[in-house]
Amino acid sequence: MRPWWRTPTARRYVFGYTLLAPAILYVGLLVGIPFLFSLYLSMSDASVGDPVASFVGLQNFEAALENQAFYGALRNTLVFTIGAGILKGLLGTTLAFLLVQSFRGRRLVRALVVIPFTLPIAVSVLGWKWMFDSQFSVVNWALSRLGLIGAYGSADWPVWLGQPHLALFSVMFVNVWRGFPFSAIVLLAGMTSVAPEIIEAAKVDGANFLQRFQRIIVPMIAPILFIGTAFDTVFTLSDLSIVYLLTNGGPDGATEILPTLAYNTGIRAGALGRGAAISLFLFPLLLPAMIILLRTLRRRQY
Amino acid sequence: MPASVGSGNPRSRRTREVRRHLLVYSGLIPFLVIAVFPIFWMAITALKQEPDLYRMDVVPFWFHLPPTWKNFDFLFHRTFYVDWIVNTMSISFWVSAITLLTAVPAGYALARLRLPFAENLGIGIFMTYLVPAIILFIPLARVVSTLGLQDMWWALVAVYPTFTIPFCTWLLMGFFKTVPFEIEEAAMIDGCGQLGALLRVVLPVSWPGLITSVIFSFTLSMQDFLYSLAFVSISEQKPVPLGVATELIRGDVYFWGSLMAGALLVGVPVAIVYNLFLDKFISGITGAAVK
Amino acid sequence: MTDPRPVPSAVTVDRRDFIRVTGAGVAGATLLTMLEARQAPAQLRGTGLRMLKWSHFVPAYDAWFDDFAKKWGDANGVKVRVDHIPHLELPARYAAEFAAGAGHDLIYFVGQILTGQYYRNLVDLSDVAEGLGKKYGAWMENAKSAGQVGGRWYGVPDFYIAIPVLWRKDLFDSVGLGAPTTWEDLRKAARLLKPKGHPTGMQFSHCNDANHNWRALMYCFGVKETDPSGQNILIDSKEMREALRFAKAIYDEGMTPEVFSWDDASDNRFLASGVGSWIHDAISAFRTTQDTNPKVFEHTYCLPEAAGPAGLRWNVGEPNVWAIWKFSKNVPAAKEFIQHIANNQKEAMEASRGYNMPFLREQYKKPMPGLGNDSKLGVLQEQDKITAFFGHPGPMTPPAQEVLTTFIVPDMFTRVARGANIEETMKWGVGEIRRIYTKHKAS
């Protein structure tokens, strides 16, 4: 009889956990522990310059709820994330359907459409800032010459970053511009992976295009769509740079999102505890949502 | 689709082909405009002389003063742009290396070894992605200085894997699931241990997944701004995005031309590399989610 | 990685051009530099000094400063290294340095005056500040707000940035108006000139200028943010309502909706493009116009500040303050350098093209460097008498700081300009400000 630690199962476990250890240690040390520290911050009255903080329980979260700007930021965050998510999904799907066709210049087109995704975001946002300029906007120049909007200085000259709904739409658009090529490629990957034989078989069975799409393509690309969306959503939720560089939440909070509010409160004004509470506010909501999503995903794959 | 696909005379087939192409192209045009116009505009801005930028009376899409290399010259001779590029490349290289060395074994273990708690561990690793950087950078500053890396690009090599590892672990996890068990078993029968099978059989067939991970490590590293801002303040040590965004804006003066030049010079080559690997990349992510 | 290139960072003016421009002033000051250098203590030799500053809005100033610091270092055997980052990003960097307990020796507050947040971890500089005060005819009263906490100096004010009115004489002439002196004059000009395609603009957005500009209007209208102790909020007043009403009128009559999207740079371009009839901004806008549109520049003039209905004039400046981390490894050198630059304030002012305004009374002796010989900017030589900072007349405390960085004041003006009821806006704004002050009192 072999001792238990020599059994194949035990050896597999040892091997497995050894393989896992580096990743777990890395992430645990550099995110796990600092994260616990952030949690502690969110429940303390810490400020940037005062290391001696005392525990204040949920007061910082209550403070966030008393703050009117917080509700605006919460609403904008949801609109921004969901709106951008939907747009990226729609544009990405359409583009993927076009790119899956065979046509001349496909490689070139593919190369061109991925550029938005490969530019460093902090810098491409500045390009957009220039294009959204209230006076020298090239977009407005073109629209104005086409007669779609008025001349500079008239009421029909859109101020992209100045009108509340337009401003929120503009920051969302930059996120979409950057993200839709990625959605398209992920979906393209899903589509090209559907073996042609299956589609042929379905054709023989007399399924029309819509049925084929519904029964074969959708179930096969759904998992990748989910995981792509999950990562992208999380990234969008916590991304500060677009709003920070374009409007810093203005005018009058029209584009304020939780990350900018947290940054301006916690870092620039130095009220670390309250900043941490604002930035962690969605965590308790996101956590169960992500767990459910990931579990379903994994189960489906087995 | 009409039942006559593939039949009929060559001429009508040709017409159909032309019509299909036209359809696809007209569908693509809006996308190309949205994706490419800003890039085109950035390129034009980079090559324009300053006064030419502020003219609204003439068609802005072309030059009204002779194009100039001044902005590029400025970037290369008056800033540390070359250092920034070298830093970005070095950071990406090391981040990719660390990510592969940790995420490959982790993804494999989670996907293939039927470990107890594997699912929860996998979810746990993903969850670290949810922690907002705006607060995390403060405790991380302590870590960075304890490691003695403050104000060196190495600080970013230490920090960026905190977001590339979770992402790539999940990516690779899905990918390894698609590798047939049989080839691994065959290798083990041939005398390889489990590790040998992983190294000699599984990895070689997984290389699209590995490339995908590298590409992601690279692009994710380029999206950071806050960490580099907090940890690197020395000009020669900055990566490109930070260098461009902090040294080419001076409060109420924007050096538009150099800003755009600085962005394009890194973005476009990456896009080209991206495209070279796009097919592998596609099969890489495909493996990740679709069996 | 060492780099042999002589230029430290983005610099638009060639060093040689620069010396040609400033000429004699530099030559004279270099002698002074040498004299000063001889006095520095010998124990500094062989040490290093790292400082962090913002990227100055006049790029030539940074070129001058980096060189100035290096020369001082060479003369004293100190290895000096100056890093620059944009002013808005300084707080994030300081939060990281503080958490790490390491970083730069000598730091710099601008935009956000964090003396009140960090003073427990900053070196007490009372000896330096008081010494300079004695030497140069006392500090301006509100320098204390920038540098002091509880009567001790934890920061030494370097200079502040004046934010005056820049107006177009040719356009004012064209509608028969003389030189403006009051806000009412400015409003009238905007009303008459907007139909001719020359509106005015002040930022109704989340940017630094929005915070300064509306505060200037408020203070000229007699609004007090807090009492002089900084403890009690006084913004809920008749004067504030008047200021809001005036802002609404001036927006309706003289601006276009683009002001809602403006950042700190937009009004510079607005003036330089020849469109704006007047703007309220730092003189970097004046310099941008000078460099890019000489025709417009010829007709652009400067008014130190417009007067409110009761004749009150308060210009809201942007203070710049030196501080030293307690964890600094080279406090003596850092202190020495602060004094060195203060002793060379004249040269610094010259290099900033009139942008840097001194905090020390004696430095207002006419003609001031950079301003005295300038036919248009000469009017700024009495700016010390009308300069206030945010929180006025209270000090720049941490709660005042949070009111600033969360843009409550610009948001109040934005709401009213967009047509919101003044009473409701007051209720909202005052409520938010109260909430912030209560939080800070509690902790």
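Located above this text is the structure these notes cover.
A.B. asks: Explain the interface of chain C and chain A to me, please; I cannot follow it from the model alone.
C.D. replies: Interfaces are often sized by the amount of accessible area the parts lose when they come together. Contact residues are listed per partner, giving 42 residues for chain C and 39 residues for chain A. Of the roughly 3,400 Å² buried at the junction of chain C and chain A (both faces included), carbon and sulfur atoms supply 51%. Here chain C is connected to chain A by four salt bridges. In this structure, Arg274(A) engages Glu402(C) in a salt bridge whose closest nitrogen and oxygen atoms are separated by 2.8 Å. Applying the counting criterion to the chain C and chain A interface returns 17 residue pairs in polar contact (both at pLDDT 80 or more). For the side of chain C that touches chain A, the secondary structure elements donating two or more residues are α4 (90-100), α5 (115-118), α12 (266-272), α17 (398-405), α18 (408-417) and α19 (422-442) of chain C. For the side of chain C that touches chain A, the element with the highest residue contribution is α19(C), accounting for five residues.

A.B. asks: Got a minute to help me understand the pairing of strand β1 (residues 48-54) of chain C in this structure?
C.D. replies: One face of the sheet, then the other: side chains in a regular strand alternate in exactly this way. Residue and element names in this part refer to chain C. For β1, a buried count of five out of seven residues is recorded, marking the element as mostly surrounded by other parts of the structure. Relative to strand β2 (residues 79-85), β1 runs parallel, the two being bridged by seven bridges. By the bridge assignment for β2, Gly-48 is matched with Lys-79.

A.B. asks: What exactly am I supposed to notice about the packing of helix α1 (residues 8-42) of chain A against helix α12 (residues 272-280) of chain A here?
C.D. replies: Helix packing geometry: the angle between the two helix axes and the distance between the axes. Residue and element names in this part refer to chain A. Between α1 and α12, the shortest axis-to-axis distance is 7 Å and the interhelical angle comes to 115 degrees. Viewed along their axes, α1 and α12 adopt a mutual orientation that is roughly perpendicular. Here the hand of the crossing between α1 and α12 comes out left-handed. Judged by residue contacts, Phe-35, Ser-38, Leu-39, Leu-41 and Ser-42 of α1 engage Leu-272, Gly-273, Ala-276, Ala-277 and Leu-280 from α12.

A.B. asks: Would you mind going over the pairing of β2(C) with me for this structure?
C.D. replies: Counting buried positions along β2(C) yields five of seven residues, so the element is predominantly enclosed. With respect to chirality, the unit in which β1(C) leads through helix α3 (residues 59-76) of chain C into the neighbouring parallel β2(C) is right-handed.

A.B. asks: Explanation requested: the interface of chain B and chain A in the structure shown.
C.D. replies: Of the residues lining the interface, 106 residues belong to chain B; the matching set on chain A comes to 98 residues. At the boundary of chain B with chain A, total buried surface from both sides reaches about 9,700 Å², with 79% on carbon and sulfur atoms. It is Phe31(B), Met56(B) and Gln223(B) that lose the most area in chain B upon contact with chain A, and together they represent 8% of the buried surface on that side. Where chain B touches chain A, the interface holds zero salt bridges. Applying the counting criterion to the chain B and chain A interface returns eleven residue pairs in polar contact (both at pLDDT 80 or more).

A.B. asks: Help me understand the nonpolar core in this model?
C.D. replies: Ranked by internal contacts, the top residues of the largest apolar core, which has 315 residues, are Phe137(B), Phe231(B), Phe337(C) and Phe413(C). Among the elements that take part in this core, helix α4 (residues 81-112) of chain B stands out by supplying eleven residues, more than any other. Excluding residues that lie within four positions of it along the chain, Phe337(C) makes contacts with Leu49(C), Met51(C), Phe65(C), Phe68(C), Ala69(C), Trp72(C), Leu106(C) and Trp322(C). In this structure, Leu95(A), Phe180(A), Val24(B) and Leu28(B) belong to the second largest nonpolar core, which totals 13 residues.

A.B. asks: Mind showing me how you'd approach the packing of aromatic side chains here?
C.D. replies: We describe a pair of aromatic rings using the distance from one ring centre to the other and the angle between the two ring planes. For the coordinates displayed, the defined rule picks out 74 aromatic pairs over all chains. With centroids separated by 6.4 Å and ring planes inclined at 5 degrees, the aromatic side chains of Phe163(B) and Tyr227(B) adopt a geometry described as stacked. Of this pair, Phe163(B) sits in helix α8 (residues 161-178) while Tyr227(B) sits in helix α12 (residues 226-231), placing them 64 residues apart in sequence. You'll find Phe163(B) and Tyr227(B) in the same group, each marked buried. With centroids separated by 6.2 Å and ring planes inclined at 75 degrees, the aromatic side chains of Tyr61(C) and Phe159(C) adopt a geometry described as edge-to-face. Of this pair, Tyr61(C) sits in helix α3 while Phe159(C) sits in strand β6 (residues 156-161); the two residues are 98 residues apart in sequence, bridging distant segments of the chain.

The rules behind these values
Residues numbered from 1 in each chain as written. Chains lettered and ligands numbered in written order. Predicted model: local features only at pLDDT ≥ 70, side-chain atom pairs only at ≥ 80, totals over all residues. Heavy atoms only, no water. Contact = heavy atoms within 4.5 Å. Buried area = accessible area lost by both parts, 1.4 Å probe. Salt bridge = Lys/Arg side-chain N within 4 Å of Asp/Glu carboxyl O. Polar contact = N/O pair within 3.5 Å; in protein donor to acceptor, adjacent residues only side chain to side chain. Helix = DSSP H or I, 4+ residues; strand = E, 2+ residues; numbered from the N terminus. Buried < 20%, exposed > 50% of the residue type's maximum accessible area, 1.4 Å probe, protein only. Pairing = 2+ DSSP bridges. Axes fitted to C-alpha atoms, helices over the stretch in contact; angles between N-to-C directions. Parallel < 35°, antiparallel > 145°, perpendicular 65-115°, else oblique. Left-handed = near helix turned anticlockwise from the far one by under 90°. Right-handed = clockwise from strand over helix to strand, strands pointing away. Core = buried A, V, L, I, M, F, W, Y, C linked by side-chain atoms within 4.5 Å. Phe/Tyr/Trp six-rings, centres within 6.5 Å; stacked < 30°, edge-to-face > 60°.

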